[in-house]
Every structure is written in C-alpha cells, then in structure tokens.
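Structural features, examined
The lines below spell out each chain.
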Amino acid sequence: MLGLSSVSGWAQEVTVTADVVLVHGGKKSKARGTGNVVLWLTPANSAPHAGMPAPATSNGLRLVQRNKSFEPHVLVVPVDSVVEFPNRDPFFHNVFSLFEGKRFDLGLYEAGSTRNVVFDKPGISYIFCNIHSEMSAVVIAVNSPYYGISDRSGRVAIPNVPSGRYTLRIWYEDTLPEELNNLTREVTISPDASTLGAMRLPATGMPQGHQNMYGRDYPPVLPDSPSYERH
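Along each chain, the written sequence defines residue order, and numbers are assigned to residues from 1. Only residues with pLDDT of 70 or above have their local features reported here, since the model is predicted, and side-chain atom pairs are shown and tallied only from 80 upward, although totals for entire chains, interfaces and linings are computed over all residues. Only hydrogens and water are removed before side-chain values are computed, so all heavy atoms of the structure are retained for them.

**Let's talk about the side chain of S144**
To be explicit about the condition: Numbering of helices and strands runs from the N terminus; a helix is a DSSP stretch of H or I covering at least four residues, while a strand is a stretch of E covering at least two. Partly exposed describes any residue whose relative accessible area lies between the buried limit of under 20% and the exposed limit of over 50%, with all areas from a 1.4 Å probe on protein chains only and scaled to the type maximum. In protein, a polar contact requires one atom able to donate a hydrogen and another able to accept it; more generally it is a pair of N or O atoms within 3.5 Å, and residues adjacent in sequence count only if both atoms are side-chain atoms.
In this fold, S144 is placed in the loop between β12 (136-142) and β13 (146-149). The exposure class assigned to S144 is buried, which follows from its relative accessible area of 0%. Polar side-chain contacts of S144 include one of 3.0 Å to the backbone nitrogen of Y146.

Now the structure itself:
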C-alpha cells in the first residue's frame, strides 16, 4: 500500500470522486438537486500541513452581494485566504458572522464598495446581512488543499490527491452536525481506489431562520423604508 509518498519520494496523484445522495426520512430525495455538499480530505495521523503542500490562498475569492443574495451561497477556501465581499446592489449592506467560525462585522457599506475578511482558522462561518434577513451564505475554511463541492447532480471531484490514508469530512447545510460527525471516517486513496462511491446523506430540512447581529428579530419590511435600512 502506498503511503503519502513512495520510497522514491513520489506519490501518484488521482482525482477522487463521489456521488452524493440526499435521504429524507429514509427515502432518496427527488425534490431538489444535491449541490453544495462539501467534502475534504486531510492526511490521517499527521499534524496539520504535514506531508502535503500548503493550501494555496488564491486571489479572486469573493462573495458577491447581488439582488439581495450572496453569490455563491457556499464557498470553500484554504485557511488564511482573503475573501472579498463586494456590494453590487444599488443600496447598503451590513455583512456579519457572529455565530461560528470566523466572527466579524463589516459595518454599513454602500453600493460599489468592497470589504475584505481573512479566514485565518479552520471552521464553518455562517454569513448574514444585518439589513436583509433573506441573505445568507456559508464560508468553509479548511486546512487542506484537497476539497470539492458537489454539483446539482451530486457529483464531487477532488483533483490531485496523492495516494495515501486520509480523514474524510463532509458538510451540508441541511444535515445536523451530529449526523455529519458520524459520517467522518478514514479512507485509503490509490489509483485503484479513487472513488468514494455513493454517499447517502441524511437531510433534515433544517429551519434557516436567524436573528440579526444584536440577537433580535429583524424588523418588518416597510414600503417606505430607506435603502440603508430595509430596501
């Protein structure tokens, strides 16, 4: 069996694939797509970053605010990445995350401006706007260069993974944290074992409601509200 490197110091790289199947009440979901399921691999029994290249903190990572929504809804980034939050709406936003992962408050900023956030530790950050309750996004910062996100058909592909043993972790917004923890497991990757097969993921349809950054309910939308309050 190949480890993280062979005797010659080289490990063959493969593209790891998986097919995600959402399960509601024990039955396969047919109601919607299976996109935005995140899988990532970290070398088993090793300290962070040991035996693998440092995650590339690529430029151009951004969550765009447009039409009172974030694009994309789910973003996976390497730890220490800078993520831009440009406001492409013709009114103010106030982006914040105060619950898990990276905590921040970008304050009130106008159309055409941008704020930046450094995601300097691994974790899951739930992102909201303090003005518009319908806006939400998730940033997942990982200590590994080996990660992928499913398309609407449920297909996941993680490229350039060296042969070896890894810990597989999974995240999905509609699956309870304890269910996700139960899905964490060790896997062995090699040219002959590069697929994780079909992965059944329990989806609970968790409620998506949240409060504002002050821990209060959002005020009702009024027709004459100024843009910096409730456009």
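The structure having been displayed, the exposition proceeds.
**Some thoughts on empty space enclosed by the protein**
Under the convention used in this document: Points on a 1 Å grid, built from protein atoms alone, make a cavity when a 1.4 Å probe fits but cannot get out and make a pocket when they are open with protein on both sides within 12 Å along at least 5 of 7 lines; residues with an atom within 4 Å of a point are the lining residues. Grid points are joined across faces, edges and corners, and a volume is the space filled by probe spheres set on the points. Each residue receives one of three labels: charged for Asp, Glu, Lys and Arg, nonpolar for Ala, Val, Leu, Ile, Met, Phe, Trp, Tyr, Cys and Pro, and polar for the others, Gly being one of them.
In this structure the tally under the stated criterion is one cavity of 30 Å³ or more. Each pocket or cavity is described by its volume, and for the largest cavity that value is around 40 Å³. Lining the largest cavity we find V20, V37, L39, I170, L183, M199, R200 and L201. Element by element, the count of residues in the lining of the largest cavity is highest for strand β17 (residues 195-202), at three residues. A class-by-class count of the residues in the lining of the largest cavity yields seven nonpolar, no polar and one charged.

**Overview of the sheet that holds strand β3 (residues 38-43)**
Convention followed: If DSSP finds at least two bridges between two strands, the strands pair. Axis lines are fitted through C-alpha atoms, for helices just across the contact stretch, and the angle between N-to-C directions can take any value from 0 to 180 degrees.
The four strands lie next to each other as β13-β3-β15-β16, forming an open sheet whose pairing is antiparallel. Taken across any chain shown, the strands that pair with only one partner, and hence form the sheet edges, are β13 and β16 (185-189). Averaged over all pairs of adjacent strands, the angle between their axes in this sheet comes to 30°, without regard to strand direction.

**Details of the packing of aromatic side chains**
Put simply, the test is: Two rings from Phe, Tyr or Trp (for Trp, the six-membered ring) form a pair when their centres are within 6.5 Å of each other. A pair whose planes differ by under 30 degrees is stacked, one over 60 is edge-to-face, and the rest are tilted.
Following the criterion strictly, the structure yields four aromatic pairs and no others. Aromatic side chains F96 and F128 sit 6.0 Å apart centroid to centroid with 45° between the ring planes, which places their arrangement in the tilted category. Taken together, the residues span a long stretch of sequence, with F96 in strand β8 (residues 95-97) and F128 in strand β11 (residues 123-129) at a distance of 32 residues. The same class applies to F96 as to F128, namely buried.

**Some details on the sheet that holds strand β6 (residues 74-78)**
Reading across the sheet, the five strands line up as β6-β12-β11-β8-β9 and stay open at both edges, with mixed pairing between neighbours. At either end of the open sheet lies a strand with only one pairing partner, and these are β6 and β9 (104-105).

**Some words on the nonpolar core**
In plain terms, the rule: Grouping buried Ala, Val, Leu, Ile, Met, Phe, Trp, Tyr and Cys residues that are joined through side-chain atoms within 4.5 Å yields what is termed a nonpolar core.
Formed by 31 residues in total, the largest nonpolar core has its most connected members in L39, L41 and L196. Of all the secondary-structure elements, those providing two or more residues to this core are β1 (13-24), β3, β6, β12, β14 (155-162), β15 (164-171), β16 and β17. In terms of residue count, β1 provides more of this core than any other element does, five residues in total. Counting residues in hydrophobic clusters, the runner-up holds 21 residues, among them V77, V117, F119 and A137.

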